[in-house]
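Each chain, written out:
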Amino acid sequence: MLTSVIVNAIRMGTIFLFGCVGEILTEKAGHLNLGIPGIMCIGATGGAVAVHLFGGKVSSPLLVLFAIIFTMLFAALAGFLYSFLTVTLQANQNVTGLTLTTFGIGFMKFFSKRIYDQKFFVSLSSAFKNLFGLEKNTNPFVQIFLSHGILVYIAIIVAIICAVFLNKSRRGLYLRSIGENPATADAVGINVSLYKYTFITLGSAIAGLGGLYYIMDRSGGTQIAEAPIDSFGWMAVALVIASMWKPLLAAFGSIVFGGLSILDAMLTTLPLDKQKIFAIFPYLLTVLVLIMTSVVKNKNNQPPASLGLSYFREER
Amino acid sequence: MSKIERREPLFHIVKNDAISFGKSLGIRIIAIFAGLIVVGILGMILIGENPFSIYSAMFDGAFIDVWTLLQNTALLLMFGIAVIPAFQMKFWNLGANGQVLVGCLASIACMKFLPVKFPQIQNWLLLLIMLVASIIVSCIWSVVPAIFKAFFNTNETLFTLMMNYIALTTVDYFVFTWDKTGSGTLGIVNLLNGQKGWMPDLGNKYLLPIIISIIMTAFMFVYMKFTKHGFEVALVGESVNTAKYVGINVKKVIIRTLLLGGIFCGILGFLYASCLSHTVNQQIGGLGFTAILVAWLANFDSVAMLFTSFFVVFLETGSKFISTKFQLNSTDYSNIVVGIIFFFIIACEFFIRFKIQINHQHQKTEKSEINAEKEGN
């Protein structure tokens, strides 16, 4: 029972982890991208397109690779559009993000309905699941660590790389400085726009993988057009705050969030209304973290100082 | 000298504070047309009809049911009115969804349980209690983030966003608690029970929201333009430091403004419960995000919002009709249409706020001016 909760928490959390790590990179560049739910939808559409085009024609590892490339490409394009509007054209980030979310949800539902064929997708989903072929093994250790699909491991690796990049590398320091004070970063000679474009686009590409993971691995290809990817996207945005903008903490946080969001399905012995109460906890936790970080002014746990503000060089 | 000149970029961007109203309107209209052209081309590719039949279908579809169109405009307008004072203050209140939703939940709770406990209750009293309950709960939802913003500078965008989801999950919990069948929906409350807590019919069921939305708009227009409160809100939005120097209690202004937003959301939640849906579900409040776009598009001006909310509802209704007419089997086409047109409007805002100066020409004119001066001498 406990093993299965943990396994499912990890798997569910992977969706949030992709979105969250992508959003952390974006927010470290000083941009609050509320388009992440939409970008995840667009990424999922990209993956579905790849499966539709190549499914059955290439070997499974190649199919997974193509799906990942397509997903990242679609999501990166959406992220690029967002960066063009908010970095170059200085548009309001909240409005742009919400528009992107509206667009992305419509985009996914509209296009995936046209290419979706349940049997076909379900038959191909095995390529994405169960990387080591040990799913049937009942050993708890194997179940928890070695029974997942490839994207789960990719998510954790990406989170670790991001953590190292942000905290240990020079470029990571530059990126953080842009999020804190772009004018200072600019004065030091850092190309602010280039960094913003790069990391918003990259962050979006990473977030998009969350959508691919949900449609092909977590849901096993059973639903695409009606997938609630946007609500997972908002959860990912919440996780960014709950993990205090730290990718490694996000990896653990994603398991907690994943656990809380599957708990209602696990506790089937409880009455229905008692199950529903667990769904509130991730958001309550997020609000508590948000309040605590602002009350206890520890400077390591703060949101980037210029989050949500556009940077115009000639305005001082 | 020439080296430095060559290094200079071709153009540079300067702020354009004094743009005429006509010009800015012109730019926006051009952007909307550009968006419509893209939508038309997209429609041509996806549907295989010529763009003009798509536009005409959109137009016909929007005006098939004028009353629904007006009512939806009124609803969107009320959501927008509820958020603009906060936005004017640069307090990004993304929580209108949740505020309306919990207001509606509170109203429904009164509607469902008060007539059971007090069967003799008069309908007007019940309605009044519902309204008050809705406003109180809605205000809690909006004031809590405001208090933390005022005292601890907690990020209000993220806080209000999270409050939406707390509201959604809370509603889910109560619906499952009240509805013992396990269907997860509450059904129409008091449908067979003398319709207690329902607003009396004004002869036309669409009329009430429309009238209330007009009153709200008028109130907000006067409040923002002609009262001291409105001035304080605008000043805090312009510069918190200036406001402090003038002696404005910024904390008080933030909390008071969000309280006002909460009251408006509460009224709206009450309207949903008593007049529009007679039930509570997660779809209520779904207009909140669209309202943010509408409010921003109107530049946070309550009267301009009359037009922008009508425009957005027109777009949505029209494009939904396109998908029915051309059998796209999907109402999501409207999301794509609204998204694309909004991208164009967002992009065009740049050309209103900034102007592009081409350096090369600028220098030339300077040189020629100097030459002209020399020749004159």
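Above this note sits the structure.
Please read all numbers here as calculations on a predicted model, not as lab measurements.

When helices and strands are tallied, chain A shows 14 helices and zero strands. For chain A, the α and β elements follow one another from N to C terminus as α-α-α-α-α-α-α-α-α-α-α-α-α-α. Its C-alpha atoms give chain A a radius of gyration of 19 Å, near enough to 20 Å, the size a compact globule of 316 residues would have. C-alpha extents for chain A along the principal axes are approximately 60 × 45 × 35 Å. Every one of the 316 residues in chain A was classed for burial, and the buried ones make up 59%. Sequence-distant contacts, at least 24 apart, represent 76% of the contacts inside chain A between residues at least 6 apart. A total accessible area of about 12,500 Å² is found for chain A, and carbon and sulfur atoms account for 68% of it. If you average the places of the 22 positive and of the 13 negative side-chain charges in chain A, the two averages end up 6 Å apart.

This next bit is on the environment of valine 14 of chain B. Topologically, valine 14 of chain B is positioned in strand 1 (residues 11-15). Counting along the chain gives 342 residues from valine 14 of chain B to isoleucine 356 of chain B, while the straight-line C-alpha distance between them is 6.4 Å. Ignoring anything within four residues of it in the chain, the contact list for valine 14 of chain B reads Phe312 and Glu314 of chain A together with Arg353, Phe354, Lys355 and Gln357 of chain B.

Here the focus is the pattern of salt bridges. Residues and elements named next belong to chain B. Inspection of every chain in the model, using the stated rule, returns five salt bridges over all chains. A salt bridge links arginine 28 to glutamate 349; the nearest nitrogen and oxygen atoms lie 2.9 Å apart. Taken together, the residues arginine 28 in helix 2 (residues 21-47) and glutamate 349 in helix 14 (residues 333-353) connect sequence positions 321 residues apart. Like glutamate 349, arginine 28 is buried. Here lysine 228 makes a salt bridge to glutamate 232, at a shortest N to O gap of 3.9 Å.

This brings us to the interface of chain B and chain A. When the parts come together, some accessible area is lost, and that loss is often what is quoted as the size of the interface. The partner chain A presents 49 residues to the 47 residues of chain B that form the contact. When chain B packs against chain A, the two sides together hide about 4,500 Å² of surface, and 78% of this comes from carbon and sulfur. Inspection of the region where chain B meets chain A yields zero salt bridges. Seen at the junction of chain B and chain A, the total is three residue pairs in polar contact (both at pLDDT 80 or more). For the side of chain B that touches chain A, the element with the most residues is helix 7 (residues 156-178) of chain B, which contributes 13 residues. Residue classes in the side of chain B that touches chain A are distributed as 29 nonpolar, 13 polar and five charged.

Rules used in this analysis
Residues numbered from 1 in each chain as written. Chains lettered and ligands numbered in written order. Predicted model: local features only at pLDDT ≥ 70, side-chain atom pairs only at ≥ 80, totals over all residues. Heavy atoms only, no water. Helix = DSSP H or I, 4+ residues; strand = E, 2+ residues; numbered from the N terminus. Rg over C-alpha atoms; globule rule 2.2 N^0.38 Å. Buried < 20%, exposed > 50% of the residue type's maximum accessible area, 1.4 Å probe, protein only. Contact = heavy atoms within 4.5 Å. Areas by Shrake-Rupley, 256 points an atom, 1.4 Å probe, with all protein chains shown as cover. Lys, Arg positive; Asp, Glu negative; His and termini not counted. Charge placed at Lys NZ, Arg CZ, Asp CG, Glu CD. Salt bridge = Lys/Arg side-chain N within 4 Å of Asp/Glu carboxyl O. Buried area = accessible area lost by both parts, 1.4 Å probe. Polar contact = N/O pair within 3.5 Å; in protein donor to acceptor, adjacent residues only side chain to side chain. Nonpolar A, V, L, I, M, F, W, Y, C, P; charged D, E, K, R; others polar.

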